[in-house]
Amino acid sequence: MSIRYTFALAGNQNSGKTTLFNVLTGANQHVGNWPGVTVEQKTGLLIHHHHGEDTHFGQPSLFGKRRADKEENRDVQIVDLPGIYSLSPYSMEEIVSRNFITLEKPDVVINIVDATNLERNLYLTMQLLQLGTPMVIALNMMDEVRAHGDVIHTDILEKELGVPVVSICARKGEGIDELVRLSVKAAEEKRKTPPLDICTGAAHKALHAITHLAEPKAQAVGLSPRYAATKLFEGDEPMQQLLGLSDDELHVIDEILVEAETAVGMERAAIMADLRYQYIERALKKAVVRKSETEGESLSDRIDKVMAHPVLAIPMFLCAMLLVFWVTFGPIGTWVADGFAALVDSAIAAIGDGLAAANVAYWLQDLMVNGVLTGVGSVLSFMPTIVILFMCLSILEDSGYMARAAFLMDKPLRKIGLNGRSFIPMMMGFGCTVPAAMAARSMSSRRDRRFTILLTPFMSCGAKVPVYALFARAFFHDNLVMVMTALYVGGILVAIAAGAVMKHVLFHGDAAPFIMELPAYRLPTPRNVLRTMWDKAKDFIQKAFTVIFLATLAVWFLQSFTIRFDMAETVQESILGGVAGFIAPIFAPCGFASVEAATAVLTGIMAKESVVSTLAVLAGVDVESTAMLNALRGVFPSTAAAMAFLTFVLLYMPCIAAFASIKRELESRRWAVLAVLGQTGLAWLCATVVYQLGMLLGL
């Protein structure tokens, strides 16, 4: 199917772009209430479904009445661009968004504006208007504006800006039909955005002169002369290179701007910024009616007096995370997980009985029950734990609290040479290292980006949770929550220590400045929370029946046959015993120099969940049984050995998929290899220290 139109979604971070993208395309993209979630282009086809008599804030939807076929406009492509604050090429996000709009030339730019922060959001709008591309402005979060008692006259704002303006609430699906209708109309009419003349006096004279000089070259590369002139006014070097200006032309432009700076009394970039904000202020005075300018603090401000308090903030954050772990691994999470595990065990037993009753060959029974089903089932048993954990994290994220956490972590992270923006990919690392490494693209400098990527694998990804849960139940049953908390905090502390070393060895200097506007607190939407839970469950199931399935087959085969493909009497005689037995002595100082432990470490490189399935297959029992716990205690004869193994799993190299992502984002195979070797070496060292200390304490 050919694409008829391409719509680009452009807006500030945290303006609701990705939420709108999901509504328009039906795509299951991650939605978070913090800056920096969208770090690359996402595309999808417009499949917005009209349900019943949709309304546009009290008015019947014109597009909804017109639409007879819900699949209309399937040939419209939606591109979700990274969230940006301007078209200045200072960060990777701004470069990606700017290049797509100026070079790919979408048919329509849909500018998503947070209606609760109009002045800040419209700054980007003012720059987009200069491009001349057909454009529609979507005022998002209008439900919050109405709740506050404010009124935004979209007709007046439309007149002031010269482009269609529509009120929407992406989270609730309000106004979407009208937005689509106006966007399709703008694409069909190909109506260029009329130029706004925001300059006065000396600035107007200077911009007019630069426009005249740059016009032929701007038109030659397909750019709006006014946009090109504005960028040259701001001293934009990429624009100078794109237009191919000669030294003489650059000298003339510089003389024009020096004269303007002298007349206005500001630097050239500040002149343009000031003019934009003046125009925005004049437009908002006409279009916006505030309920009360002196109504007092907002609810978010009152909550932040506690949650962002200089003294209370960090303890409150730790309490929030402790509550998450208590819900996940305490009585509630344990009850759900145990019930689901019982269902999985019953299913495996029923299948085993069925195979035996059908007189299936013993080797095939052993493969199916003790190999595939035991391995895959052992991992599936922990799915409720994963889902509950990410349900809790999604609630914190969707509410706006995680943005506060990034703000709070700025000062501590600066101690190791990073800034608060690094906290965002690190928090994503608790889910999976792959998107966490990709999220580091939002860092404004290569130094900060590489530094952050090297630290993200120290965060405990969701794949490690089954390993932690299994060992915690076997060795620390009375202290589940505290052990799980200690593992997560331990990873963070090691990351801090590693970061402090890297700052002095690899990454000298200070991190870039970190500026972030905190979003308003919002009640988490069930839709987003349920989507997160479903995504985690779906990923978990897919991995269980692909990577884990293959890993359990491999482990069963290698432990069942000798090098001559005879059935092995013991694990030590098997192919697995030979390979793992060669590696096992390396872990003697760590306290787990067994074939089983070494094998689990090796399969964990494919996927960390494979550690659990490997131990289950080697033991030949399900993970919830007493026999499994006894088998674990046989492999790890002391609590100190179990603690050391958990420490090693916490810190050693991430899975193959994460390694590939890290290599791609670091743009260097050598850096990636050194990173995983260094991380694994550090894991071995920490595990050794934990074991030796544990033995000294008699654990």
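Predicted model, so just to flag it, every value in this text is computed and none were measured.

So, on to unusual backbone geometry. One non-glycine residue with positive phi stands out, namely Lys105, at about 50°. By secondary structure assignment, the location of Lys105 is in the loop between helix H3 (92-104) and strand E6 (108-114). Despite not being glycine, Met141 shows a phi value in the positive range, around 65°. Tracing the sequence through the fold places Met141 in the loop between strand E7 (135-140) and helix H5 (142-148). When its relative accessible area of 8% is taken as the criterion, Met141 is described as buried.

We now examine the sheet that holds strand E5 (residues 76-80). Read from one edge of the open sheet, six strands run E2-E5-E1-E6-E7-E9, paired in mixed fashion. Across the chains shown, the open sheet's two edge strands, defined by having one partner strand only, are strand E2 (42-45) and strand E9 (165-167). Ignoring strand direction, the axes of neighbouring strands in this sheet form an average angle of 25°. Here three bridges tie E7 to E9, and the two strands are oriented parallel to one another. By the bridge assignment for E9, Ala138 is matched with Val166. Of the strands in this sheet, E7 and E9 are in contact with helix H6 (residues 154-161), which crosses E9 at around 155°.

So, on to a nonpolar patch on the surface. Judged by side-chain polarity, Leu323, Trp326, Ile332, Trp335 and Val336 come together as a nonpolar surface patch covering roughly 550 Å² of accessible area. Secondary structure elements with two or more residues in the nonpolar patch: helix H14 (313-329) and helix H15 (331-357). Considering every element that reaches the nonpolar patch, the biggest residue donor is H15, with three residues. Summarising the element assignment, Ile332 is placed in helix H15.

Once that is clear, we can look at the nonpolar core. Judged by nonpolar contacts, the single largest core of 102 residues is most densely connected at Leu455, Phe471, Phe592, Phe636 and Phe645. Those residues within four positions of Phe592 in sequence are excluded, and the remaining contacts are Phe587, Ala597, Phe636, Ala641, Ala644, Phe645 and Phe648. Among the nonpolar cores identified, the runner-up in size contains 60 residues, and Leu131, Ala203, Leu207 and Leu284 belong to it.

To continue, consider the confidence of the model for the protein chain. Summarising the model, the protein chain shows a mean pLDDT of 79, and 87% of its residues fall at 70 or more. Within the model, pLDDT remains below 50 along residues 28-38, and this stretch shows 51 contacts once partners closer than five positions in the same chain are excluded. The low-confidence segment residues 49-71 (pLDDT under 50) makes 42 contacts with residues lying over four places distant or belonging to another chain.

To continue, consider the pairing of strand E1 (residues 5-11). When a strand is regular, its side chains alternate between the sheet's two faces. Counting buried residues along E1, seven of its seven residues qualify, which places the element largely inside the surrounding structure. Sheet topology places E1 next to E5; five bridges connect them, and they run parallel. From the neighbouring strand, Leu9 faces E5, where its bridge partner is Asp80.

For any pair of aromatic rings, the description rests on two quantities: the centre-to-centre distance and the angle between the ring planes. Enumeration over the complete set of coordinates arrives at 13 aromatic pairs. With centroids separated by 5.1 Å and ring planes inclined at 70°, the aromatic side chains of Phe471 and Phe636 adopt a geometry described as edge-to-face. One end of the pair, Phe471, is in helix H23 (residues 465-475); the other, Phe636, is in the loop between helix H30 (626-635) and helix H31 (639-651), and 165 residues separate them in sequence. For Phe471, a relative accessible area of 0% puts it in the buried group. We classify Phe636 as buried; its relative accessible area is 0%. Through a chain of ring-to-ring contacts, the aromatic side chains of Phe471, Phe475, Phe476, Phe587, Phe592, Phe636, Phe645, Phe648 and Tyr652 assemble into a single cluster. Seen from the ring of Tyr652, Lys608 lies directly overhead, with NZ or CZ sitting 4.4 Å from the centre.

Basis of the calculations
- Residues numbered from 1 in each chain as written.
- Predicted model: local features only at pLDDT ≥ 70, side-chain atom pairs only at ≥ 80, totals over all residues.
- Heavy atoms only, no water.
- Helix = DSSP H or I, 4+ residues; strand = E, 2+ residues; numbered from the N terminus.
- Buried < 20%, exposed > 50% of the residue type's maximum accessible area, 1.4 Å probe, protein only.
- Pairing = 2+ DSSP bridges.
- Axes fitted to C-alpha atoms, helices over the stretch in contact; angles between N-to-C directions.
- Contact = heavy atoms within 4.5 Å.
- Patch = residues over 30% accessible without salt bridge, like charges linked within 9 Å, V, L, I, M, F, W, Y side chains within 5 Å.
- Areas by Shrake-Rupley, 256 points an atom, 1.4 Å probe, with all protein chains shown as cover.
- Salt bridge = Lys/Arg side-chain N within 4 Å of Asp/Glu carboxyl O.
- Core = buried A, V, L, I, M, F, W, Y, C linked by side-chain atoms within 4.5 Å.
- pLDDT = per-residue confidence, 0-100.
- Phe/Tyr/Trp six-rings, centres within 6.5 Å; stacked < 30°, edge-to-face > 60°.
- Lys NZ or Arg CZ within 6 Å of the ring centre and 35° of its normal.

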